[in-house]
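This is what each chain is made of:
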Amino acid sequence: MEGLVLLNALITRLLFVLHSLVGVWRVTVVTKEPRYWLLALLNLLLFLETALTLKFKRGRGYKWFSPAIFLYLISIVPSLWLLETHYETQTCVSQSEGMSQNTSSKQDFNQTLISSEQTHGRGDLIEMARVFVNKLSTTCEKSWTLGLHQTFLLMLIIGRWLLPIGGAITRDQLSELLLMFVGTAADILEFTSETLGEKNVRNNPTLVCAILFTWTWSMLQFPLDLAVQQVACPVSVTARGFRSLFLCQYSADLWNIGITVFIQDGPFLVLRLILMTYFKVINQMLVFFAVKNFLVVVLHIYRLVVLVMDVRASLRSQPEVLRGGHSSPAEAAVSGVSPKAWESGSKEGLAIPLRASPVTSDDSYPTP
């Protein structure tokens, strides 16, 4: 079992490194600048994290945060920024020329495949691989960039699934987190492809950078596990008041609301409204997803109000002893607290009953 954990940790990080290297390779191809290979040095941080995790954690994850996911973001996001801001990614060859190139490449690939089936030689396999690589190199840069965006989000989900979990998160919570990531990744991919696909947006470098900054900000939710981890609240939290009970009882819900409002749907809504009102970029899909973001934000705020009302109602329903309403040891004894415990004044060490326990026939005393 321990060997399987180490294997999953190594394979996942290796996939992260390979994907980031593909992104760096596309940057050097598009810009024709070999110096961008220096971006590959960012993977050294991931190698360092791998060594430390294997040594101190035996390959298992950390509590509340995934350093491997965060360092993978650091290694791949700069490459995607350069691809999106470079001029070559905005244009493709004409449709007729692209169709002729695809047809010729397909014919070469099929011819090589037939010859390899006839001879079964090693050289034919190498030739088939070469033709396949040439076909990939003739692919439009917009398709390459979109493909990197798609595989990037898939790698985040699959990588989080393969990474060994730590002791702070259960498999049930991990499955819930992965389902959240699937919906989040779909929204993020739609946001970038729909906004950056507009011609008016592409002609404004400042607006492109604003969209990419919002996209980068939304990616910071993937290393976090706080939205599914519930905190066990001790009985003494009730005596500390509304704020302590609210933050303890609904910590996971509050993180989920905060991520939605301040990291994803909130910024997406603001940017879409700016596009429609200030830059006059209006289309059917943009309006639809702006309304969708607005509804998600409003519903999460409504849920926050419901949680607040629920905690206030639970505090009002508690016995008077939880709010320090006893004026004498006799009143405390009536509520189920011994006079000695009342006189000590220590509320934190008392396991105060939340409900009055009914007196059974076994506990009752006979009257003289």
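Residues numbered from 1 in each chain as written. Predicted model: local features only at pLDDT ≥ 70, side-chain atom pairs only at ≥ 80, totals over all residues. Heavy atoms only, no water.

*Asks:* Quick question: what am I supposed to make of the nonpolar core here?
*Replies:* One broad rule of soluble globular proteins: the nonpolar side chains tend to lie buried together. Grouped together as the largest cluster of nonpolar side chains are 46 residues, with contacts concentrated most on Phe152, Leu156, Val201, Trp215, Met219 and Phe222. Looking at this core, the elements that each hand over two or more residues are α1 (2–31), α3 (67–85), α6 (141–162), α7 (171–196), α9 (205–219), α11 (251–277) and α12 (284–316). Here this core takes nine residues from α3, the largest share from any one element. The residues touching leucine 156, leaving out its near neighbours within four places in the chain, are Ile69, Tyr72, Leu73, Met219 and Phe222. Leu245, Phe246, Leu307 and Leu315 belong to the second largest nonpolar core, which has nine residues in total. (Core = buried A, V, L, I, M, F, W, Y, C linked by side-chain atoms within 4.5 Å. Buried < 20%, exposed > 50% of the residue type's maximum accessible area, 1.4 Å probe, protein only. Helix = DSSP H or I, 4+ residues; strand = E, 2+ residues; numbered from the N terminus. Contact = heavy atoms within 4.5 Å.)

*Asks:* For this particular structure, what's the right way to read the packing of helix α10 (residues 242–249) against α12?
*Replies:* Running from N to C, α10 and α12 cross one another at 125°; their axes reach a closest spacing of 10 Å. Relative to α12, the element α10 lies oblique. Between α10 and α12 lies a crossing of right-handed hand. Listed contacts from α12 to Phe242, Leu245, Phe246 and Gln249 of α10 are Leu304, Leu307, Val308, Val311, Arg312, Ser314 and Leu315. Per-class residue counts for the contact of α10 with α12 are eight nonpolar, two polar and one charged. (Axes fitted to C-alpha atoms, helices over the stretch in contact; angles between N-to-C directions. Parallel < 35°, antiparallel > 145°, perpendicular 65-115°, else oblique. Left-handed = near helix turned anticlockwise from the far one by under 90°. Nonpolar A, V, L, I, M, F, W, Y, C, P; charged D, E, K, R; others polar.)

*Asks:* Please explain α3 as it appears in this structure.
*Replies:* In an α-helix, one turn spans 3.6 residues, which is why side chains three or four residues apart end up on the same side. Given a rise of 1.5 Å per residue, 19 residues ought to cover 27 Å, and the 28 Å separating the end C-alpha atoms of α3 matches this to within 8%. Along its length, α3 shows its largest kink, about 30°, at isoleucine 76, and proline proline 78 lies within four residues downstream of that point. Listed in full, the buried residues belonging to α3 are Ala68, Ile69, Leu71, Tyr72, Leu73, Ser75, Ile76, Val77, Ser79, Leu80, Leu83 and Glu84. Taken together, the buried residues of α3 touch α1, α2 (43–56), α6, α7, α8 (199–202) and α9. (Expected span 1.5 Å × (residues − 1). Bend = angle between axes of the 7 residues up to and from the residue.)

*Asks:* Hey, could you run me through the packing of aromatic side chains in this one?
*Replies:* Under the criterion given, the structure shown has nine aromatic pairs. Ring geometry for tryptophan 25 and tryptophan 144: centres 5.6 Å apart, planes at 85°, overall edge-to-face. Highlighted residues: tryptophan 25 in helix α1 and tryptophan 144 in helix α6, separated in sequence by 119 residues. Geometrically, the ring pair formed by phenylalanine 191 and phenylalanine 268 is stacked, given 4.0 Å between the ring centres and 5° between the ring planes. One end of the pair, phenylalanine 191, is in helix α7; the other, phenylalanine 268, is in helix α11, and 77 residues separate them in sequence. Here phenylalanine 191 matches phenylalanine 268 in class, with each residue buried. Among the aromatic residues, those joined into a cluster by ring pairs are Phe16, Tyr72, Phe152 and Trp215. When the ring centre of tryptophan 144 is taken as reference, the NZ or CZ atom of arginine 26 above it lies at 4.3 Å. Stacked on the ring of tyrosine 36, the Lys or Arg arginine 35 has its end atom at 4.9 Å from the ring centre. (Phe/Tyr/Trp six-rings, centres within 6.5 Å; stacked < 30°, edge-to-face > 60°. Lys NZ or Arg CZ within 6 Å of the ring centre and 35° of its normal.)

*Asks:* How should the pattern of salt bridges be read in this particular structure?
*Replies:* Side-chain pairing between opposite charges can occur once the charged atoms of the two side chains come close. One pass over the structure, following the stated rule, counts eight salt bridges. Of the charged contacts, one joins glutamate 33 and arginine 35 as a salt bridge, the two residues approaching to 3.3 Å between their closest N and O atoms. Assessed through its relative accessible area of 31%, glutamate 33 is described here as partly exposed. Salt bridges here are not isolated pairs; linked through shared partners, they connect Asp187, Asp265 and Lys292. (Salt bridge = Lys/Arg side-chain N within 4 Å of Asp/Glu carboxyl O.)

*Asks:* Sorry if this is basic, but what is going on with the environment of phenylalanine 262 here?
*Replies:* Turning to its location among the elements, phenylalanine 262 is positioned in helix α11. By relative accessible area, phenylalanine 262 is classed as exposed at 60%. Along the backbone, phenylalanine 262 and valine 297 are 35 residues apart, and their C-alpha atoms lie at a distance of 9.4 Å. Contact partners of phenylalanine 262, with chain neighbours within four places excluded, come to Trp217 and Pro267.

*Asks:* Can you help me understand the side chain of serine 20 in this one?
*Replies:* Inspection of the secondary structure assignment puts serine 20 in helix α1. Exposure remark for serine 20: the relative accessible area of 1% places this residue in the buried category. Non-local contacts of serine 20, meaning those with residues more than four positions away in its chain, are made with Asn43, Ser75 and Ile76.

*Asks:* Looking at this structure, how should I read unusual backbone geometry?
*Replies:* Leave glycine aside and you will find that most residues have negative phi; peptide bonds, for their part, are mostly trans. Positive phi, normally seen in glycine, also occurs at lysine 32, with a value near 55°. Here lysine 32 shows up in the loop between α1 and α2. Assessed through its relative accessible area of 66%, lysine 32 is described here as exposed. For lysine 280, which is not glycine, the phi torsion reads 60° and is therefore positive. Relative to the assigned elements, lysine 280 resides in the loop between α11 and α12. A relative accessible area of 62% means that lysine 280 is categorised as exposed.

*Asks:* It is not clear to me how α6 should be interpreted in this structure. Could you clarify?
*Replies:* Spanning 22 residues, α6 covers 30 Å between terminal C-alpha atoms, matching the ideal 32 Å at 1.5 Å per step. Those residues of α6 that sit buried are Glu141, Trp144, Thr145, Leu148, His149, Phe152, Leu153, Met155, Leu156, Ile157, Gly159 and Arg160.

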